[in-house]
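# What the coordinates show
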Amino acid sequence: MPARSDKHSNTTQLPLSKDLPMTADAILKDFSHYFGHMLGRRTISADSPFLYQAVVFAARDRLVERWGKTRDAMESKDNRRVSYLSLEFLMGRLLRNALLNLGIEDETAEALNRIGLDLEDVYERERDAGLGNGGLGRLAACFLDSCATLKLPVLGYGIRYHYGMFHQRIENGHQLEEPDSWLREGFPWEIERIEFTQAIKFGGRSNTYTDKGGITRYQWVDTQDVLAIPFDVPIPGYENDVVNTLRLWSAAATDGFDLDEFNAGSYVDAVAAKNAAENITMVLYPNAETENGQELRLRQQYFLASASLQDTIRYWALHHGDDFSEFAEKNCFQLNDTHPAVAVAELMRLLMDEHGIDWDMAWDITRNTMAYTNHTLLPEALEKWPVSMFRRLLPRILDIIYEINARFVAEVSQRWPGDNDRIRRMSLVEEGSEPMLRMAYLAIVGSFSVNGVAALHSKLLREGLFRDFADLWPEKFNNKTNGVTQRRWLAACNQELAALISEKIGNGWITDLTQLSQLAALADDANFQVAWREVKLHNKQRLAANIEAKTGLKISTDSIFDVQVKRIHEYKRQLLNLLHAVHLYDRIRRGEGEQIVPRTIVIGGKAAPGYAMAKNIIKCINNVARVINSDPMMAGKLQLIFYPDYNVSGMELICPAADLSEQISTAGKEASGTGNMKFMMNGALTIGTLDGANVEIREAVGAENFFLFGLTVEQIEALRGQYDPQVIIDADDDFKRVMDLLDSGHFNRFESGLMDGISQAIREPADLWMTAADFRSFVDAQTAAAEAYTETENWTKMSILNTAASGQFSTDRTMREYNDDIWRLLPIELDSD
Ligand code: 26V
């Protein structure tokens, strides 16, 4: 292939050598080259990190070839593209999925076999890329997989945190946080692109001047700049030769950083002070109310927004110079929650201050490129920033937000003359002793699309939280129900079930999950049921081994695996689950053991380090677990496990093994949930409230295959003000005994007062989460689930029907909807097509 020259930029393309073969021979040859020559190692032992790295390099070479072709195809077309801006990408491990999507898992296993190695052991060497907290970050990762598979030109922009989500260690039942230094042994997937480094401004002041044409312009001067260096991670589509990009920014000091603040004698101090700049990307914030308003977090947000927008504009200029007339037609920025919402003002600044565009045109471009996804209804999670902090850190950005607000307020008062209360409610600036910027409102005003993440959530946004805005711009609001990628959450993590399914219906489901509906016809087939149960048992055995390795506890696979894994939060109601565990314990102790269907309750999740109540809930679960698990009366009947350090890799073992999926949030609080979808896809039945995507899950699978309980959103709201938990407890003997056990010190013999906090929270009339209100219906639904489990054939049928009905919960469907309604992208056309 001849070297190719680029007509837009003054560059030449190095031709790639012939395509690398996808055979075991070729993979082994490349592996040996990397292990021996590049990494300089000779001793092969299964647990060596270098072995893992050499396998990655061999795979990455094959990705890089396709990456280049994908880029060429995109450049030759100049089609519209999307930048997905997110402070979090919870990627987990990448190797298994890369090999699966490249279609070389068998070949790689064969290559390693020849030198006496097991690919499964190599997979275990990889650390999770834990660059996210939970649902929001994992959703972004699933989106990338689906976009690459659908050949959509979507570029992920995020932050390369040095420390990802903390590791959770449990000591005497307490959560201890340990840093996640995931980069320590290197991250062999990434390629540093220093050539695309950007400078990011902080501090200084904003200045006006008159340009050559006599027009007043603005300048942001006397800033302290920080460099943003991109690291690219390849995102392969499933067997389609497309490789998209996740671009992660890392902060570095400029050479001149702070040097002038020190005299010549303090050179060493000045160099040491570079840390301040580099701290921006040091650590992922573990979300908590207490972390709201932290200056470093605002720096992270602006750093991501500015670097990503400048990168997009740099690319734009390669092809279009300073002509932005088609920019909005060719670009779209999807904001993953309000975290990158400052991008609205930053795009205005770049267009006006750096490219000389006037306000009206810049605003037109901004409002036609930004789209905002909301991920929470909890008012305390809605981001607000002190105006004073913006003035100090981002003075020019504050000017622009004020101007956006002034024009917006004028629009509102034109539509509703004299309605000052409405203006006060809708203003981007919340007045008070410390005026605050409302980031969600900035995102709504600056976007052409605002979406929620499940049907119920989007409805509640329109009717509640964002009602005033939905009155003003009804056409902006839409729903995009979340999904998960079946490549990771079924094909890769549950290979036995995947093989069984493919044997019956073919493997078309891997790219068209709706094909799983064909399983419904097999739900009553006795042989298929036996095979289905066999797979579930193997997955339970695998999880049991993992739990024993982590905790030392042996669990019985001859029991219902009843699982709740997600971040620990009051609204998710792990406490309700705990109350049920104590209730079962109480029944067995009172001699009802014969009637109890053996059950293993697994609870896992991290608490934000500053969230005292969540940490107390973990401690209480562990205390109850210790009593239950050491009581001989419970043997063979009840076990309670707290799964430590729950993360993406943990879920890959947990969801294939679950029988019962706990989705028990207070109605109206969980925006969507995505764990609920992973469990369903793997054949678990759900016990859940009418919240988030549970509503759609129940509709899809049918009420008879779902254990519903709890108050509805309307009932919860109607109850507020007259809720009296003590009356509910007193009227229910089971509930009374559970509370008495908690209060008696039975679970905290030498830790007096430990249970007081949770006991009071449950009895609190102002309890936002209304745990007591749902106790009875939860217990009854659990009893129904246990009875159903004893009818093995029918349970298996319901399990199969859950998998069969999970087709719509693929992110392939979600991404198609984003594309049809918001993005309007054409698929990438490779030369080979
Ligand atoms: C808030 C904060 C506050 C300050 C520090 C860092 C931080 C990080 C994240 C957040 C907001 C998290 C919102 C969130 O995770 N929402 C979840 O999004 C999932 C995907 O749409 C959805 O399935 C869950 O129901 C929803 O809780």
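About the criteria used
As a convention, each chain's residues are numbered from 1 in the sequence order in which they are written. Since the coordinates come from a predicted model, pLDDT governs what is reported: local features require at least 70, and pairs of side-chain atoms require 80 or more to be given and counted, while whole-chain, interface and lining totals use all residues. Note: side-chain values were computed over all heavy atoms of the structure, leaving out hydrogens and water. Scored between 0 and 100, pLDDT is the confidence that the predictor attaches to each residue. Working rule for contacts: check all heavy atoms of both residues, and any pair within 4.5 Å makes them a contact. For the purposes of this entry, the term helix denotes a DSSP run of H or I that reaches at least four residues, the term strand denotes a run of E that reaches at least two, and both are numbered from the N terminus. Relative accessible area decides the class of each residue, using a 1.4 Å probe on protein chains only: under 20% of the type maximum gives buried, over 50% gives exposed, and in between gives partly exposed. Here a polar contact means two N or O atoms within 3.5 Å. Within protein one must be a hydrogen donor candidate and the other an acceptor candidate, and residues neighboring in sequence count only if both atoms are side-chain atoms. Working convention for charge: Lys and Arg count positive, Asp and Glu count negative, and His plus the chain ends are omitted. Salt bridges are defined by distance alone: a side-chain nitrogen of Lys or Arg within 4 Å of a carboxyl oxygen of Asp or Glu. Among buried residues, the Ala, Val, Leu, Ile, Met, Phe, Trp, Tyr and Cys ones that are joined through side-chain atoms within 4.5 Å form a nonpolar core. A pocket, in this scheme, is an open set of points on a 1 Å grid over the protein atoms alone with protein on both sides within 12 Å along at least 5 of 7 lines, while a cavity is a set where a 1.4 Å probe fits but cannot get out; residues line either one if an atom lies within 4 Å of a point. Grid points are joined across faces, edges and corners, and a volume is the space filled by probe spheres set on the points. Residue polarity follows a fixed list, in which Ala, Val, Leu, Ile, Met, Phe, Trp, Tyr, Cys and Pro are nonpolar, Asp, Glu, Lys and Arg are charged, and the others, Gly among them, are polar. Think of it this way: one heavy atom of a residue within 4 Å of a molecule or strand is enough to make that residue near it. Note that accessible areas follow from Shrake-Rupley with a 1.4 Å probe, and for residues the cover is restricted to the protein chains shown. When DSSP locates at least two bridges between a pair of strands, those strands are taken to pair. Axes here refer to lines fitted to C-alpha atoms; in helices the fit is confined to the stretch in contact. Angles between the N-to-C directions go from 0 to 180 degrees. Under this scheme an angle from 65 to 115 degrees is roughly perpendicular, one under 35 degrees roughly parallel, and one over 145 degrees roughly antiparallel; angles in between are oblique. By this rule the span expected of a helix is its residue count minus one, scaled by 1.5 Å.

## Some details on the confidence of the model for the protein
For the protein, per-residue confidence averages 95 on the pLDDT scale, and 97% of positions sit at 70 or higher. Every residue in residues 1-8 scores below 50 in pLDDT, and together they form 15 contacts with partners more than four places removed in sequence or on other chains.

## A word on the environment of Glu-764
Residue placement: Glu-764 occurs in the loop between helix 30 (756-763) and helix 31 (775-790). Sequence separation between Glu-764 and Gly-237 is 527 residues, and the spatial gap between their C-alpha atoms is 50 Å. Look past the residues within four positions of Glu-764 in its chain and what remains in contact with it is Tyr-723 and Pro-725.

## Looking at the environment of Asp-732
Following the sequence through the fold, Asp-732 ends up in the loop between helix 28 (725-730) and helix 29 (733-743). Residue Asp-732 is classed as buried on the basis of its relative accessible area, which comes to 10%. Spatially, the C-alpha atom of Asp-732 lies 30 Å from that of Gly-605, the residues being 127 residues apart in sequence. Residue contacts for Asp-732: discarding those within four places in its chain leaves Phe-775 and Arg-776. Polar contacts involving the side chain of Asp-732 include one to the main-chain amide nitrogen of Asp-734, which spans 3.1 Å.

## Looking at the side chain of Asp-337
With respect to the secondary-structure elements, Asp-337 resides in the loop between strand 15 (331-336) and helix 11 (343-354). For the buried Asp-337, no salt bridge exists, and the shortest N-O distance to an oppositely charged side chain is 7.8 Å, to Arg-297. A polar contact is formed between the side chain of Asp-337 and the side chain of Thr-338, at a distance of 3.5 Å. Of note is the side chain of Asp-337, whose polar atom sits 3.5 Å from the backbone nitrogen of His-375. In this structure, Asp-337 is in contact with Leu-136, Tyr-372, Thr-373, His-375 and Thr-376, ignoring residues within four places of it in sequence.

## Some points on the nonpolar core
Grouped together as the largest cluster of nonpolar side chains are 195 residues, with contacts concentrated most on Trp-189, Phe-303, Phe-390, Leu-640 and Trp-823. Among the nonpolar cores identified, the runner-up in size contains 57 residues, and Trp-489, Ile-501, Trp-509 and Ile-510 belong to it.

## Side note on unusual backbone geometry
With a phi close to 55°, Asp-78 is a non-glycine residue in the positive phi region. Judged by relative accessible area, which is 23%, Asp-78 ranks as partly exposed. The phi angle at Asp-645 is positive, at roughly 55°, despite the residue not being glycine. Residue placement: Asp-645 occurs in the loop between strand 24 (638-643) and helix 24 (648-654).

## What about empty space enclosed by the protein?
Tallying each qualifying case throughout the model produces 10 cavities of 30 Å³ or more. If you add up the space inside the largest cavity, you get close to 190 Å³. Taken together, 17 residues form the lining of the largest cavity, with Met-91, Leu-94, Asn-97, Asp-145 and Arg-488 sitting closest to its centre. Elements supplying a minimum of two residues to the lining of the largest cavity: helix 3 (95-102), helix 6 (135-149) and strand 13 (226-236). Grouping the amino acids of the lining of the largest cavity by side-chain chemistry returns 11 nonpolar, three polar and three charged. As a volume, the second largest cavity reaches approximately 120 Å³.

## Thoughts on the site of the ligand
The environment of the ligand is made up of 18 residues, and the closest members are Asn-287, His-375, Asn-482, Glu-670 and Gly-673. Contacts to the ligand include Tyr-571, whose side-chain N or O atom sits 3.2 Å from an oxygen atom. With respect to the ligand, the side chain of Glu-670 contributes an N or O atom lying 2.6 Å from an oxygen atom. Considering the ligand on its own, with 600 Å² of exposed area, one finds that the protein chains cover 91% of that surface. No other element matches helix 6, which puts three residues into the shell around the ligand.

## So, the sheet that holds strand 19 (residues 436-438)
Across the sheet, which stays open at both edges, the three strands sit in the order 17-19-18 with antiparallel pairing between neighbours. Sheet topology places strand 17 (384-386) and strand 18 (429-430) at the edges, where each strand pairs with a single neighbour.

## Considering the environment of Leu-708
Mapped onto the secondary structure, Leu-708 falls in strand 27 (residues 707-708). The partly exposed category is assigned to Leu-708, whose relative accessible area is 34%. Along the primary structure Leu-708 and Val-484 are separated by 224 residues, whereas in three dimensions their C-alpha atoms are 23 Å apart. Other than its neighbours up to four places away in sequence, Leu-708 contacts Gly-688, Thr-689, Leu-690, Arg-698 and Ala-781.

## So, the packing of helix 21 (residues 526-551) against helix 32 (residues 792-804)
Closest axis-to-axis distance for the helix 21/helix 32 pair is 10 Å, and the angle between their directions is 80°. As summarised for this structure, helix 21 and helix 32 are arranged roughly perpendicular, according to the angle between their axes. Side by side, helix 21 and helix 32 meet where Phe-528, Gln-529, Trp-532 and Arg-533 of the first sit next to Thr-792, Glu-793, Thr-796, Lys-797, Ser-799, Ile-800 and Thr-803 of the second. When grouped by side-chain class, the residues that make up the contact of helix 21 with helix 32 number three nonpolar, five polar and three charged.

## Details of the pattern of salt bridges
Tallied over the entire structure, the rule returns 66 salt bridges. In this structure, Arg-193 and Asp-232 form a salt bridge, with 3.6 Å as the shortest nitrogen-oxygen distance. Within this pair, whereas Arg-193 is found in the loop between strand 9 (191-192) and strand 10 (198-200), its partner Asp-232 is found in strand 13, the two being separated by 39 residues in sequence. Comparing Arg-193 with Asp-232, the two get one shared label, buried. Here the salt bridges share partners, and the residues they tie into one network are Asp-586, Arg-587, Arg-590, Glu-592, Asp-732, Asp-734, Arg-737, Arg-776 and Asp-780.

## Description of helix 33 (residues 811-823)
Over its 13 residues, helix 33 extends only 15 Å from the first C-alpha to the last, a length that falls short of the 18 Å expected when each residue adds 1.5 Å. Along helix 33, the residues that are buried comprise Thr-811, Asp-812, Arg-813, Thr-814, Met-815, Tyr-818, Asn-819, Ile-822 and Trp-823. At the N-terminal end of helix 33, a side-chain oxygen is found 2.9 Å from the backbone nitrogen of Asp-812, two or three residues along, and the residue is Ser-810. In the segment just after helix 33, Arg-824 is the residue with positive phi, at about 55°.

## Re the sheet that holds strand 22 (residues 560-565)
Spatially, six strands are ordered 24-23-22-25-26-27 in an open sheet, and the strand pairing comes out parallel. One side of each edge strand has no neighbouring strand; the edge strands of this open sheet are strand 24 and strand 27. In terms of strand pairing, strand 22 meets strand 23 (residues 599-604) through six bridges, oriented parallel. The partner of Asp-562 across the bridge, within strand 23, is Ile-601. The strands that helix 32 touches are strand 25 (660-663), strand 26 (685-688) and strand 27; relative to strand 26, the one it contacts most, it runs at about 85°.

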